Amino acid sequence: MKELAFLNKYIYRYGFRLTLGIIFMIISNIFAIAPAQVVRYALDLVVDTLKTQTLLEGAELHSVFIDDFFKTVLLYGAVIVSMALLRGIFLFLVRQTIIVMSRLIEFDLKNDIFEHYQKLTLSFYRRNNTGDLMARISEDVSKVRMYLGPAIMYSINMVISFILTIGIMLSINVHLTFWALFPLPLLSISIYFVNNVINKKSELIQQQLSSMSTFVQEAFSGIRVIKAFVREKESLSQFTDNATEYQNRQLELAKVNSMFYPLMLFLIGLSTILTVYVGGIEVEKGTITPGVIAEFIMYVTLLTWPVTSLGWVTSIVQRAAASQKRINEFLNETPEIVSTSDEVQEIKGNLKFENVSLVYPDSGIKALDDLSFEIESGKTLAILGTTGSGKSTVASLISRLYDPTSGKILVDNKDLKSYNLHDIRSQINMAPQDVFLFSNTLRNNIAFAKENATEAEIVEATKNAGLWENIQHMEHGLDTIVGERGITLSGGQKQRTTIARAILGSPKILVLDDSLSAVDTKTENQILNNLQNVMHNKTSVIISHRVSSAKLADKIIVLHEGKIIEQGTHDELLNLEGHYNTLYEQQSKGNNL
Ligand SMILES: Nc1ncnc2c1ncn2[C@@H]1O[C@H](COP(=O)(O)OP(=O)(O)OP(=O)(O)O)[C@@H](O)[C@H]1O
């Protein structure tokens with residue numbers, strides 16, 4: 001339960017609303033209890049009048065007496081209706097304060113979690129799957145909200161109505177109070193147990209629902225593969241199995257739910273019968289008037305919901321505590337890559353790796369082994385190598401998505417770690433190997449790199465990335481929606497969109513990670529030539545499998561198993577007659593060059 005203490009700071013933030021809510025709750029309870037006393041007066045008046053009017057029958061005063069009686073009963077009726085109205089108004093205000101408070105906290109909490117998620121490093125995202133991240137920010141926060149809203153509201157209501165109602169009942173007749181309330185704790189305990197069963201069943205339904213959603217999402221995003229391999233029937237039958245399981249779990253829940261209300265009604269009915277029976281005996285003894293029985297029945301009805309909510313609230317609080325524990329686990333994660341300086345500083349773009357090694361923390365794979373190289377500002381470095389040789393790892397290190405396990409990366413002869421993280425990342429742009437586009441317009445996907453980018457800048461970037469001509473043929477031009485992850489674009493178009501995005505921000509260091517693999521050599525040459533102008537006086541790092549992407553570079557390094565096996569210019573490497581030369585020969589034969 002200590003997990004929920006984390007939420008106290010949010011509750012203090014909205015303390016004023018909560019206090020107002022408590023005041024409204026007290027007032028609404030007064031208006032709920034008072035009509036019971038009016039009913040007692042009215043009922044006793046009816047009983048007395050019935051007795052008296054038989055004595056006055058035939059007398060002159062009889063009609064005046066009856067008139068007065070009806071007026072008084074009407075007055076009582078009007079008082080009861082007004083009180084019910086006022087109670088309704090104050091209940092509305094209670095919800096407007098306490099439930100609104102819970103929604104505001106839910107909003108703050110979601111924002112705080114999201115902000116924290118964004119600070120966490122890539123290894124955190126490797127360790128935890130997206131579904132889990134989403135569940136904690138949505139379902140878990142919703143469960144916590146149930147504690148902050150309904151649970152707090154009903155707990156306060158329970159305390160207030162217990163004190164007020166039971167206090168009045170005891171002041172009228174202790175014996176009758178005992179018997180009227182006797183079945184209520186049973187109601188509370190049984191609701192607690194039934195509710196726990198309901199929660200367990202609901203969780204199973206939730207799990208099944210999320211497995212169904214994952215299945216459906218995958219089936220739709222992989223529709224091309226399903227169709228190409230003619231697996232529609234199998235896909236449908238898997239879906240039907242999933243849906244049947246979901247239906248069975250729903251039916252089981254419905255069974256438990258249908259026990260809930262009869263049980264509640266039985267115990268309330270028992271209370272009423274006991275009140276009438278014991279109350280009748282007390283009336284005979286002359287200790288109470290008949291009106292008190294009606295008054296007590298109303299009190300029992302009033303107490304039904306608070307007693308019911310006791311069991312319900314207990315299970316909400318337990319669930320909220322479990323959810324908050326899960327949320328806290330992520331909130332307590334500290335980002336491994338942090339800013340060590342606030343200083344904003346414009347870099348030139350000199351880049352130096354000094355004996356850099358990297359062991360991926362989650363897989364233990366040594367991706368880079370004692371890597372050293374240097375590239376001066378304004379020059380182009382090409383990195384070639386076999387697959388899995390560590391090329392993308394170099395790109396991730398330059399953007400400081402990971403820190404080296406040993407060794408140093410220097411930018412302008414200063415340790416990359418000593419720069420302000422946000423500032424340095426904004427000066428280094430990367431077009432990653434696994435292209436990611438948002439389901440938005442081409443314009444917004446490209447402008448993502450730079451706040452307030454002008455139309456001219458966007459057009460210029462698309463021209464330099466060799467994408468402009470394609471855009472001209474699109475009906476909506478830059479306003480074309482690219483679909484989820486850019487599904488409406490070809491592989492080459494997607495790559496060039498990410499290149500446009502990377503060069504738009506005029507970075508001091510540009511890293512293209514295998515971004516030209518899906519374009520033909522003519523377009524590749526055109527883009528490389530454009531880059532020479534765009535990246536004039538700035539540093540470019542081009543990662544590729546193709547010699548054609550590397551040959552214009554000022555320096556080329558060839559990686560193998562995390563180590564540099566060859567380095568030099570295109571001509572120097574050809575003369576070495578090593579790996580680069582072999583690659584060149586092979587790719588020349590395929591007319592790639
Ligand atoms: N995020 C990661 N977590 C754990 N291991 C990783 C991660 N990324 C890469 N690796 C491992 O590190 C090694 C180097 O991978 P890297 O992606 O840098 O190679 P690459 O040269 O870019 O390969 P490719 O040409 O196929 O893109 C590989 O063995 C890979 O399995």
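Residues numbered from 1 in each chain as written. Predicted model: local features only at pLDDT ≥ 70, side-chain atom pairs only at ≥ 80, totals over all residues.

- The name recorded for the protein chain in an unreviewed UniProt entry is ABC transporter ATP-binding protein, from Flammeovirga agarivorans.
- Database annotation for the protein chain, UniProt heading Subcellular location (unreviewed entry): "Cell membrane". (UniProt positions renumbered as here; feature names shortened; annotations may be inferred.)

1. Structural notes on the overall build of the protein chain
Part 1 of the argument: Along the backbone of the protein chain there are 21 helices and 10 strands.
Part 2 of the argument: Its C-alpha radius of gyration of 37 Å places the protein chain more than 25% over the 25 Å reference for a compact globule of 593 residues.
Part 3 of the argument: Taking all 593 residues of the protein chain together, the buried fraction comes to 30%.
Part 4 of the argument: Across the protein chain, contacts joining residues at least 24 apart in sequence account for 79% of those joining residues at least 6 apart. (Helix = DSSP H or I, 4+ residues; strand = E, 2+ residues; numbered from the N terminus. Rg over C-alpha atoms; globule rule 2.2 N^0.38 Å. Buried ≥ 20, exposed ≤ 12 C-beta atoms within 10 Å, placed from the backbone. Contact = placed C-beta atoms within 7 Å.)

2. Focus: the nonpolar core
Part 1 of the argument: Ranked by size, the top nonpolar core spans 65 residues in total, and within it Ile383, Ile398, Val511, Leu512 and Ile556 carry the most contacts.
Part 2 of the argument: Among all residues touching Ile556, those that are not within four sequence positions of it are Ala382, Leu384, Ala550, Gln567, Gly568, Thr569, His570, Leu573 and Tyr580.
Part 3 of the argument: If you look at the next biggest cluster of nonpolar residues, it comprises 44 residues, including Ile105, Ala180, Phe296 and Ile316. (Core = buried A, V, L, I, M, F, W, Y, C linked by C-beta atoms within 7 Å.)

3. Brief notes about the packing of helix 3 (residues 62-119) against helix 5 (residues 130-137)
Part 1 of the argument: Contact geometry for helix 3 and helix 5: axes closest at 10 Å, N-to-C directions at 150°. Here helix 3 lies roughly antiparallel to helix 5, going by the angle between them. On helix 5, the residues that touch Lys110, Ile113, Phe114 and Tyr117 of helix 3 are Leu133, Arg136 and Ile137.
Part 2 of the argument: Among the residues forming the contact of helix 3 with helix 5, the class breakdown is 5 nonpolar, no polar and 2 charged. (Axes fitted to C-alpha atoms, helices over the stretch in contact; angles between N-to-C directions. Parallel < 35°, antiparallel > 145°, perpendicular 65-115°, else oblique. Nonpolar A, V, L, I, M, F, W, Y, C, P; charged D, E, K, R; others polar.)

4. Focus on the pairing of strand 6 (residues 428-431)
Part 1 of the argument: The side-chain alternation of strand 6 yields two buried faces, one formed by Ile428 and Met430 and the other by Asn429 and Ala431.
Part 2 of the argument: Here strand 6 runs beside strand 7 (residues 509-513); their pairing, made up of 4 bridges, is parallel. Bridge pairing in strand 7 links Ile428 to Ile509. (Pairing = 2+ DSSP bridges.)

5. Some words on the UniProt feature "transmembrane region" (unreviewed entry) in the protein chain
Part 1 of the argument: In the numbering used here, UniProt assigns the "transmembrane region" (unreviewed entry) feature to residues 20-43, 73-94, 151-172, 178-198, 259-281 and 296-317.
Part 2 of the argument: Measuring from the first to the last C-alpha atom of residues 73-94 gives 31 Å, for a span that is 100% helix and 0% strand.
Part 3 of the argument: Across residues 296-317 one finds 100% helix and 0% strand; the C-alpha atoms that close the span lie 31 Å apart.

6. A short note on the site of the ligand
Part 1 of the argument: Residues in contact with the ligand amount to 15 residues; listed here are only the nearest, Tyr360, Thr387, Lys391, Ser392 and Thr393.
Part 2 of the argument: Ranked by residues supplied to the shell around the ligand, first place goes to helix 12 (residues 391-398) with 3 residues.
Part 3 of the argument: A per-class count over the shell around the ligand returns 3 nonpolar, 9 polar and 3 charged. (Near = placed C-beta within 6 Å.)

7. A short note on the pairing of strand 8 (residues 539-543)
Part 1 of the argument: Along strand 8, 5 of the 5 residues are buried, which leaves the element largely enclosed by surrounding structure.
Part 2 of the argument: Residues Thr539, Val541 and Ile543 line one face of strand 8 and the alternating positions Ser540 and Ile542 line the opposite face, and both faces are buried.
Part 3 of the argument: Bridge count between strand 3 (residues 380-385) and strand 8: 4 bridges; the pairing is parallel. From the neighbouring strand, Ala382 faces strand 8, where its bridge partner is Ile542.
Part 4 of the argument: Two elements, strand 7 and strand 8, share 5 bridges in a ladder whose sense is parallel. Bridging across to strand 8, Leu510 finds its partner in Ser540.
Part 5 of the argument: In this view, the connection linking strand 7 to its parallel neighbour strand 8 by way of helix 18 (residues 521-534) has right-handed handedness. (Right-handed = clockwise from strand over helix to strand, strands pointing away.)

8. Description of the sheet that holds strand 3
Part 1 of the argument: In spatial order, the strands read 6-7-8-3-9-10; together these 6 strands make up an open sheet with mixed pairing. At either end of the open sheet lies a strand with only one pairing partner, and these are strand 6 and strand 10 (563-568). Between one strand and the next, the sheet's axes are offset by a mean angle of 15°, whatever the strand orientation.
Part 2 of the argument: Relative to strand 9 (residues 555-560), strand 3 runs parallel, the two sharing 5 bridges. What sits directly across from Leu381, in strand 9, is Lys555.

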